[in-house]
Amino acid sequence: MRVILNLIWLVLCGFWMALGYILAALICFILIFTIPFGVASLRIANFTLWPFGRRVVDRRDAGVPSLIGNVLWIVFAGWWLMLGHLATGLLLCLTIIGIPLGIANFKLIPVSLLPLGRKIVNVDDPYGADRFVFR
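Keep in mind that what you see is a predicted model, and the values were worked out from it rather than measured.

*Asks:* It is not clear to me how the pattern of salt bridges should be interpreted in this structure. Could you clarify?
*Replies:* When the charged atoms of two side chains with opposite charge come close together, those side chains can pair. Inspection of every chain in the model, using the stated rule, returns 2 salt bridges. Residue Arg 2 pairs with Asp 124 through a salt bridge whose shortest N-O separation is 3.0 Å. Of this pair, Arg 2 sits in helix α1 (residues 2-30) while Asp 124 sits in the segment after β2 (118-122), and the two are 122 residues apart along the sequence. With relative accessibility at 38%, the residue Arg 2 sits in the partly exposed group. Across the pair Asp 58 and Arg 118 runs a salt bridge, and its minimum N-O distance is 3.4 Å. Here Asp 58, found in strand β1 (residues 54-58), pairs with Arg 118, found in strand β2; they are 60 residues apart in sequence, far enough to count as distant.

*Asks:* Would you take a moment to explain the packing of aromatic side chains for this structure?
*Replies:* How two aromatic rings sit relative to each other is set out by the distance from centre to centre and by the angle between their planes. Taken as a whole and judged by the stated rule, the model has 3 aromatic pairs. On the numbers, 6.0 Å between centres and 90° between planes, the contact of Trp 9 with Phe 52 is edge-to-face. One end of the pair, Trp 9, is in helix α1; the other, Phe 52, is in the loop between α2 (35-49) and β1, with 43 residues separating them in the sequence. Here Trp 9 and Phe 52 have matching classes, each one buried. On the numbers, 6.3 Å between centres and 25° between planes, the contact of Phe 37 with Trp 73 is stacked. Pair noted here: Phe 37 is in helix α2 and Trp 73 is in helix α3 (residues 64-92), with a separation of 36 residues, a long-range link.

*Asks:* What is the right way to look at the packing of α1 against α2 in this model?
*Replies:* When two helices pack together, their arrangement is given by the angle between the helix axes and by the axis-to-axis distance. The interhelical angle for the contact between α1 and α2, taken along N-to-C directions, is 170°, at an axis separation of 8 Å. The angle between α1 and α2 places the two elements in the roughly antiparallel class. For the pair α1 and α2, contact is made by Trp 9, Leu 10, Gly 14, Phe 15, Met 17, Ala 18, Tyr 21, Ile 22, Ala 24, Ala 25, Cys 28 and Phe 29 and by Ile 35, Phe 37, Gly 38, Val 39, Ser 41, Leu 42, Ile 44, Ala 45, Thr 48 and Leu 49, respectively.

*Asks:* Teacher, can you tell me more about α1 here?
*Replies:* Turn by turn, an α-helix covers 3.6 residues, leaving residues three or four places apart pointing in a common direction. Here α1 contains 29 residues, and its C-alpha end-to-end distance of 36 Å is more than 12% below the 42 Å for a straight helix at 1.5 Å per residue. Maximal helix bending in α1 amounts to about 65°, located at Leu 10. All buried positions along α1 are accounted for by Asn 6, Trp 9, Cys 13, Gly 14, Met 17, Ala 18, Gly 20, Tyr 21, Ala 24, Ala 25 and Cys 28. Of the surrounding secondary structure, the elements contacted by the buried residues of α1 are α2, α3, α4 (99-107) and α5 (109-113).

*Asks:* Got a minute to help me understand the packing of α1 against α3 in this structure?
*Replies:* Packing of α1 against α3 brings their axes to within 11 Å, and their N-to-C directions diverge by 170°. The angle between α1 and α3 places the two elements in the roughly antiparallel class. Contacts between α1 and α3 involve Leu 12, Cys 13, Met 17, Gly 20, Tyr 21, Leu 23, Ala 24 and Cys 28 on the former and, on the latter, Trp 73, Ala 77, Trp 80, Leu 81, Gly 84, His 85, Thr 88 and Leu 92. Of the residues belonging to the contact of α1 with α3, the class tally is 12 nonpolar, 4 polar and no charged.

Procedures and definitions
Residues numbered from 1 in each chain as written. Predicted model: local features only at pLDDT ≥ 70, side-chain atom pairs only at ≥ 80, totals over all residues. Heavy atoms only, no water. Salt bridge = Lys/Arg side-chain N within 4 Å of Asp/Glu carboxyl O. Helix = DSSP H or I, 4+ residues; strand = E, 2+ residues; numbered from the N terminus. Buried < 20%, exposed > 50% of the residue type's maximum accessible area, 1.4 Å probe, protein only. Phe/Tyr/Trp six-rings, centres within 6.5 Å; stacked < 30°, edge-to-face > 60°. Axes fitted to C-alpha atoms, helices over the stretch in contact; angles between N-to-C directions. Parallel < 35°, antiparallel > 145°, perpendicular 65-115°, else oblique. Contact = heavy atoms within 4.5 Å. Expected span 1.5 Å × (residues − 1). Bend = angle between axes of the 7 residues up to and from the residue. Nonpolar A, V, L, I, M, F, W, Y, C, P; charged D, E, K, R; others polar.

Right, here's the structure in full:
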């Protein structure tokens, strides 16, 4: 079922939303100090292409730099990516087949606004939230 949903998602909205994240990443790569934003944007673009079967979890080691970075991200790129997810989700919810995809778009709004301090893991991986955390 995940594969079918991901294929429908890719055709209807995933490709276009991923292009938005790639554009944001390219803009962020222009300046040296915004490279972490570009990396986060590419990570979310990958997630936006194939979201079913993966989830976003908060990193425990994220601190004040992630908070400051997220505020800057909202101001410069997050708000228009959020509007893209909102508009796409509303349009998809107009059809019965599109309702699950619209809900998935609404679930991507928080990560489009606050990408730093989060990571993407498989839903089947029971240790996904704790792997890669350095202690």
